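A look at the structure
Residue-level listing of the chains:
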Amino acid sequence: MTAPTAPPRVLVLGGINMGLITRAEALPAPGQTLRGERFYSSPGGKGATQAVAASRLGARVRMVGRVGGDLFGPALLESLRSHGVDTADVAVDGEAASGVGVILVDGRGQNRVLATYGANLRCGEEQLRAVEAALPETDVLLLQMEIPFDVSVRAARAARDRGVRVILDPAPAADIPAEAFAAFDIIAPNQTEAEHLVGVAVDDVESASRAAGLLMERGAPAAVIKMAELGACYRTADEEGFVPPFAVEAVDTTSAGDAFHGALAVALAEGRSLRDAVTFACAGGALAVTRPGVQDSMPARTEVEEAL
């Protein structure tokens, strides 16, 4: 698979955070202190990391969001720019701290994340105007749950009115008003988020398909259920299917979902079928877990093509 001559155009409205990561063989219990093995910082945030993922896969990417007027703000912007992401519509908020994610990674590569969103939660009319101005040159709009949700819903409705496809990553897990599901073309939760939204424990293909069906009953035109090492299920009114996992050795699972969404957006913007797009996204997500870091772990286009 090769990238088309004209790059796909992806617009991302979402969170921009600094990741503060500690690796340890085991994570502490309440009241317990353990010695960590390694600490490092890595620019992240679901929106920003998905923007980097899409850019590394060949898309022309524009980021809309907010960073704080603190020491993390310039570093977050520079990281996005270094990966080819247009940051002209990222505001610097002098009255708020930048978003921060404290990430603990254990010896199996599994992670726990505590996020404090800071400036992200002050996204509003300024960001909506930026989205609306960018829509004429956008193929896919990517959204998550790290900024005020009503802003994302309004952006989604504006995009769909202009024929721009909208993908929602409902992470971190939060309630979605019943009337909002129809604002998104595709909703793509992981197992935990799917259970939160529809009350079905997802642990195999059958339960994933059921969860996808329930999301569609709530109004979503299409649903993709990410199941990590179990693969992914997708469902629309006309088709449903399962994409098996790519066999890799996990080092750090922190940003697998972000790599998946960046790849999904790129593939759909290129005009691929949903099945091909989910397959492309599964490859991207699998490659991301084979290395540590947040934005630094996003795979290049050549790597995903080789995996496929």
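I will try to describe carefully the structure that is included in this document.

This brings us to the packing of helix α1 (residues 46-56) against helix α7 (residues 256-269). Put simply, α1 and α7 touch, their axes get as near as 8 Å, and they point 50° apart. The angle between the axes of α1 and α7 places the two elements in the oblique class. Where α1 crosses over α7, the handedness of that crossing is right-handed. In this structure, α1 contributes K46, T49, Q50, A53 and A54 to the contact, and α7 contributes D258, A259, H261, G262 and V266.

Moving on: the environment of G118. Of note, G118 is situated in the loop between β7 (111-116) and α3 (125-134). C-alpha separation for the pair G118 and S98, spaced 20 residues apart in sequence, amounts to 5.3 Å. Excluding residues within four positions of it along the chain, G118 makes contact with A97 and G99.

Before going further, it helps to spend a moment on α7. For α7, which comprises 14 residues, the first-to-last C-alpha distance of 20 Å matches the rise-based estimate of 20 Å (1.5 Å per residue) to within 8%. Within α7, 13 of the 14 residues are buried, which leaves it mostly tucked inside the rest of the structure. Immediately downstream of α7, the backbone of G271 shows phi near 90°, a positive value.

In this section: the side chain of S79. Position of S79 among the secondary structure elements: in helix α2 (residues 72-82). Beyond its immediate stretch of four places on either side in the chain, S79 contacts P43 and Q295.

As a working rule, side chains carrying opposite charge can pair if their charged atoms are close by. Inspection of every chain in the model, using the stated rule, returns 14 salt bridges. Between D139 and R9 there is a salt bridge, and its shortest N-O distance comes to 3.0 Å. Of this pair, D139 sits in the loop between α3 and β8 (140-143) while R9 sits in strand β1 (residues 9-13), and the two are 130 residues apart along the sequence. A salt bridge links R301 to E305; the shortest N-O distance between them is 3.1 Å. Of the two residues, R301 and E305 are both situated in helix α9 (residues 301-307); the distance of four residues between them amounts to about one turn of the helix. A relative accessible area of 9% places R301 in the buried class. Where salt bridges share partners, they join R66, D93, E95, R122 and E126 into one cluster.

What follows concerns unusual backbone geometry. With an omega of -5°, the peptide bond between A171 and P172 qualifies as cis. Looking at where P172 falls in the secondary structure, it is placed in the loop between β9 (165-168) and β10 (186-187). A positive phi is found at A228, a non-glycine position, where the angle reads about 55°. Its location among the elements puts A228 in the loop between β11 (222-226) and β12 (232-235). Looking at A228, the relative accessible area reads 58%, which means it is exposed.

What α3 keeps buried is the set Q127, L128, A130, V131 and A134. Buried residues in α3, looked at end-on, bunch into an arc of 160°, giving them a common side. Those residues of α3 that are exposed and angled more than 90 degrees off the buried face are R129 and A133. Packing partners of the buried residues in α3 comprise β1, β4 (60-68), β5 (86-93) and α4 (149-161).

The next point concerns the sheet that holds strand β6 (residues 99-105). Strand order in the open sheet formed by four strands is β3-β2-β6-β7, with mixed pairing between adjacent strands. Two strands in the sheet have a free side with no partner beyond their single neighbour: β3 (38-44) and β7. Between one strand axis and the next, the sheet turns through 20° on average, direction left out of account. Of the strand pairs in this sheet, strand β2 (residues 17-23) and β6 are connected by seven bridges, and their pairing is parallel. Counted as the bridge partner of N17 is G99 from β6. On the sheet, α2 packs against β2, β3 and β6 and is oriented at approximately 95° with respect to β2.

Our next topic: the pairing of β2. Most of β2 sits inside the fold, with five of its seven residues counted as buried. In the sheet, β2 pairs with β3 via seven bridges, with the strands oriented antiparallel. The residue bridging M18 from the neighbouring strand is P43, located in β3.

One finds V10 and V278 to be the most contacted residues of the largest nonpolar core, which totals 49 residues. What V278 contacts, discounting residues up to four positions off in sequence, is V224, A232, Y234, V243, F260 and L264.

What counts, and at which threshold
Residues numbered from 1 in each chain as written. Predicted model: local features only at pLDDT ≥ 70, side-chain atom pairs only at ≥ 80, totals over all residues. Heavy atoms only, no water. Axes fitted to C-alpha atoms, helices over the stretch in contact; angles between N-to-C directions. Helix = DSSP H or I, 4+ residues; strand = E, 2+ residues; numbered from the N terminus. Parallel < 35°, antiparallel > 145°, perpendicular 65-115°, else oblique. Left-handed = near helix turned anticlockwise from the far one by under 90°. Contact = heavy atoms within 4.5 Å. Expected span 1.5 Å × (residues − 1). Buried < 20%, exposed > 50% of the residue type's maximum accessible area, 1.4 Å probe, protein only. Salt bridge = Lys/Arg side-chain N within 4 Å of Asp/Glu carboxyl O. Arc of directions from axis to C-beta. Pairing = 2+ DSSP bridges. Core = buried A, V, L, I, M, F, W, Y, C linked by side-chain atoms within 4.5 Å.

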